[in-house]
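Architecture and fold: a report
Read off the chains here:
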Amino acid sequence: MGIQDQKPEKEDYDSVKIDQKQKQIDDWLPITSSRNAKWWYAAFHNVTAMVGAGVLSLPYAMSNLGWGPGVVILILSWIITLYTLWQMVEMHEMVPGKRFDRYHELGQHAFGEKLGLYIVVPQQLICEVGVDIVYMVTGGKSLKKVHDLVCHNCKPIKKTYFIMIFASVHFVLAHLPNFNSISGISLAAAVMSLSYSTIAWSASIHKGVQPDVDYGYIASSTSGTVFNFLTALGDVAFAYAGHNVVLEIQATIPSTPEKPSKGPMWKGVLIAYIVVGLCYFPVALVGYYIFGNNVEDNILISLEKPTWLIVAANMFVVVHVIGSYQLYAMPVFDMLETLLVKKLKFKPSWMLRFITRNLYVAATMFVAICFPFFGGLLGFFGGFAFAPTTYFLPCIIWLAIYKPKKFSLSWLTNWICIILGLLLMILSPIGGLRNIILNAKTYQFFS
């Protein structure tokens, strides 16, 4: 009888040990290790996540969309993505006493343990790793542009080396443990994004409307025009990519039943979206108005003078993409470290983190060096992965969990977002893939 009495105690002891071990691992992982962020952390993390280098390709996207469709698509994207972001903030703590700290955890709650992982993780990884590769290219390109502007008579240096210089910063910064530890870098990046966006449109106004400005479509054939239009859709989708890290950002905000995290988070998101509007709309509309269809796929390349201002803007872009790279890398580090520690039973250690994160930075640098065609990459990744996670996956999860009444406002709104998002996902990679193929014909490796 005595032995039987002892058994439950041993089971309790074991479960306490497992809970403690679980807590130790959670305290070590990047997403769950620190929960003392304020609403303004959420604001500048979201600005850094959202206003990426994609903003600089918006005038080029406008030149392929045309005035009417371009303005409609920009405004629609802003409204739809704000709505889906609100849904994600609301769903973070919809189960009392539980927090969905990661996008895939929300997916698992909606679609089941296995299916949720299969649906969300590949898309989220394509987005986050895709953004990091594109930012490697952008960082390298901007550094090269600064070098070429400052040093006219210098020997030309390959873009490859500039991408390596940009990557060298991340071999150091990648070892910051969690979101809160990169908040200083993120704040600097958010300020830079507002700065270079302002320089982009104000320097365009200063330059004045070009004498040979043309607002017609640039492609000579109908098929070319259609493909370019589809690529531009992907560019716009890429510009609104912050949803992939939004739950992870919200996970850093403290929460109690009386004061849930969604209050400060939503405040931060709204501020961020106002900043997004202030960055995106002037750059897209002014840039296209000034240069017409002659605008480059990065507006700063179209602006050559005043030299000091364009040099400053390119350096701001470099600082910004350093912050953005870290912001998108953090959930990837979290996934890798969770897999190694929880599934493969590695011991949480400094060495494990050091090796994992350096390998990730090296891999993104290598791919960026091999495929630095900026515009085509944006169009391809933009449609393929950003459209689902940003435009319609939150709506599908919302419908699956809350089951709103058929033909009610919530039901209709979500279905409209899903249909538009699906169209975006199917159409835009076609244009992006064609661009990559065209660029690849004339491209030499490691140039």
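What comes next concerns the included structure. (Residues numbered from 1 in each chain as written. Predicted model: local features only at pLDDT ≥ 70, side-chain atom pairs only at ≥ 80, totals over all residues. Heavy atoms only, no water.)

**Digging into the overall build of the protein**
- If you tally the helices and strands in the protein, you get 16 helices and 0 strands.
- Taken over C-alpha atoms, the radius of gyration comes to 23 Å for the protein, in line with the 22 Å a tight globule of 447 residues would show.
- Surface accessibility of the protein: about 19,700 Å² in total, with carbon and sulfur atoms responsible for 70%.
- The positive charge centre, built from 33 side chains, and the negative charge centre, built from 26, are 4 Å apart in the protein. (Helix = DSSP H or I, 4+ residues; strand = E, 2+ residues; numbered from the N terminus. Rg over C-alpha atoms; globule rule 2.2 N^0.38 Å. Areas by Shrake-Rupley, 256 points an atom, 1.4 Å probe, with all protein chains shown as cover. Lys, Arg positive; Asp, Glu negative; His and termini not counted. Charge placed at Lys NZ, Arg CZ, Asp CG, Glu CD.)

**Observations concerning the pattern of salt bridges**
- Across all of its chains, the model carries 10 salt bridges by this definition.
- We note a salt bridge from lysine 23 to aspartate 27, for which the minimum N-O separation is 2.9 Å. Of the two residues, lysine 23 and aspartate 27 are both situated in helix H1 (residues 2–28); the distance of 4 residues between them amounts to about one turn of the helix.
- On the accessibility criterion, aspartate 27 (41% relative accessible area) is partly exposed. (Salt bridge = Lys/Arg side-chain N within 4 Å of Asp/Glu carboxyl O. Buried < 20%, exposed > 50% of the residue type's maximum accessible area, 1.4 Å probe, protein only.)

**Quick notes on the nonpolar core**
- In terms of nonpolar packing, the biggest core is built from 117 residues, with Met136 and Tyr280 touching the most fellow members.
- Top contributing element to this core by residue count: helix H13 (residues 307–343), with 15 residues.
- Sequence-distant contacts of methionine 136, defined by excluding residues within four places in its chain, comprise Ile163, Phe166, Ala167, His170, Tyr325, Val361, Thr364, Met365 and Ala368.
- Counting residues in hydrophobic clusters, the runner-up holds 6 residues, among them Ile25, Trp28, Leu340 and Leu352. (Core = buried A, V, L, I, M, F, W, Y, C linked by side-chain atoms within 4.5 Å. Contact = heavy atoms within 4.5 Å.)

**Quick word on the environment of isoleucine 301**
- By secondary structure assignment, the location of isoleucine 301 is in helix H12 (residues 299–302).
- Of the residues examined, isoleucine 301 reaches a relative accessible area of 31% and is grouped as partly exposed.

**Thoughts on the side chain of aspartate 101**
- Within the fold, aspartate 101 resides in the loop between helix H4 (67–91) and helix H5 (103–111).
- With a relative accessible area of 5%, aspartate 101 lands in the buried category.
- Engagement of the side chain of aspartate 101 in a polar contact is seen with the side chain of arginine 35, the distance being 2.8 Å.
- If we ignore the near neighbours within four places in the chain, the residues touching aspartate 101 are Ile31, Thr32, Arg35, His92, Leu247, Glu248 and Ala251. (Polar contact = N/O pair within 3.5 Å; in protein donor to acceptor, adjacent residues only side chain to side chain.)

**So, the packing of aromatic side chains**
- Considering all chains together, one arrives at 15 aromatic pairs under this definition.
- An aromatic cluster is defined as three or more aromatic residues linked by ring pairs; in this entry it consists of Trp67, Tyr215, Tyr288 and Tyr289.
- If you follow arginine 353 out to its NZ or CZ, it ends over the ring of tryptophan 28, 4.3 Å from the centre. (Phe/Tyr/Trp six-rings, centres within 6.5 Å; stacked < 30°, edge-to-face > 60°. Lys NZ or Arg CZ within 6 Å of the ring centre and 35° of its normal.)

**Section: the packing of helix H2 (residues 39–50) against helix H11 (residues 262–291)**
- One way to put it is that H2 packs onto H11 with a least axis distance of 7 Å and a crossing angle of 35°. Along this stretch, H2 crosses H11, giving a crossing that reads as right-handed. Contact residues: H2 offers Trp39, Ala42, Ala43, Asn46, Val47 and Met50, while H11 offers Pro264, Met265, Lys267, Gly268, Val269, Ile271, Ala272, Tyr273, Val275, Val276 and Tyr280.
- A breakdown of the residues in the contact of H2 with H11 according to their chemical character gives 14 nonpolar, 2 polar and 1 charged. (Axes fitted to C-alpha atoms, helices over the stretch in contact; angles between N-to-C directions. Left-handed = near helix turned anticlockwise from the far one by under 90°. Nonpolar A, V, L, I, M, F, W, Y, C, P; charged D, E, K, R; others polar.)

**Regarding empty space enclosed by the protein**
- Enumeration over the complete set of coordinates arrives at 3 cavities of 30 Å³ or more.
- Estimated volume of the second largest cavity: approximately 40 Å³.
- As for the second largest cavity, its lining consists of Ala49, Met50, Gly52, Gly54, Tyr135, Phe238, Ala239, Ala241 and Tyr328.
- Counting residues per element, the ones that place at least two in the lining of the second largest cavity are H2 and helix H9 (222–239).
- Looking at the lining of the second largest cavity residue by residue, the classes come out as 7 nonpolar, 2 polar and no charged. (1 Å grid on protein atoms, 1.4 Å probe; cavity = no way out; pocket = protein on both sides within 12 Å on 5 of 7 lines; lining within 4 Å. Points joined across faces, edges and corners; volume = space filled by probe spheres on them.)

**A short note on the layout of surface pockets**
- The space that makes up the largest pocket amounts to roughly 770 Å³.
- Taken together, 26 residues make up the lining of the largest pocket; nearest its centre are His104, Leu117, Thr338, Lys342 and Lys343.
- Elements represented by at least two residues in the lining of the largest pocket include exactly H1, H5, helix H6 (113–150) and H13.
- Take the lining of the largest pocket: its biggest share by element is 8 residues, from H13.
- In terms of residue class, the lining of the largest pocket is made up of 9 nonpolar, 5 polar and 12 charged.

**Brief notes about the packing of helix H3 (residues 58–65) against H11**
- The contact between H3 and H11 brings their axes to 8 Å, and the two run at 55°. Here H3 lies oblique to H11, going by the angle between them. For the crossing formed where H3 meets H11, the hand is right-handed. In contact with Leu58, Pro59, Met62 and Ser63 of H3, H11 contributes Tyr280, Val283, Ala284, Leu285, Gly287 and Tyr288.
- A class-by-class count of the residues in the contact of H3 with H11 yields 8 nonpolar, 2 polar and no charged. (Parallel < 35°, antiparallel > 145°, perpendicular 65-115°, else oblique.)

**Some details on the environment of aspartate 132**
- Relative to the helices and strands, aspartate 132 is located in helix H6.
- Excluding residues that lie within four positions of it along the chain, aspartate 132 makes contacts with Ser324, Tyr325, Tyr328, Ala329, Tyr360 and Thr364.

**Description of the side chain of histidine 104**
- Looking at the secondary structure, you find histidine 104 in helix H5.
- Among the residues examined, histidine 104 registers a relative accessible area of 14% and is labelled buried.
- Non-local contacts of histidine 104, meaning those with residues more than four positions away in its chain, are made with Leu117, Val120, Val121 and Gln124.

**Topic: the state of the cysteines**
- Counted according to the given criterion, the structure contains 1 disulfide.
- Cysteine 151 shares a disulfide with cysteine 154; S-S distance 1.3 Å.
- Residue cysteine 151 is classed as partly exposed on the basis of its relative accessible area, which comes to 24%.
- Under the relative-accessibility criterion, cysteine 154 is labelled partly exposed at 32%.
- Here cysteine 127 is not disulfide-linked; the sulfur of cysteine 395 is the nearest cysteine sulfur, at 15 Å. (Disulfide = S-S within 2.5 Å.)

Purely geometric numbers; function is a separate question.
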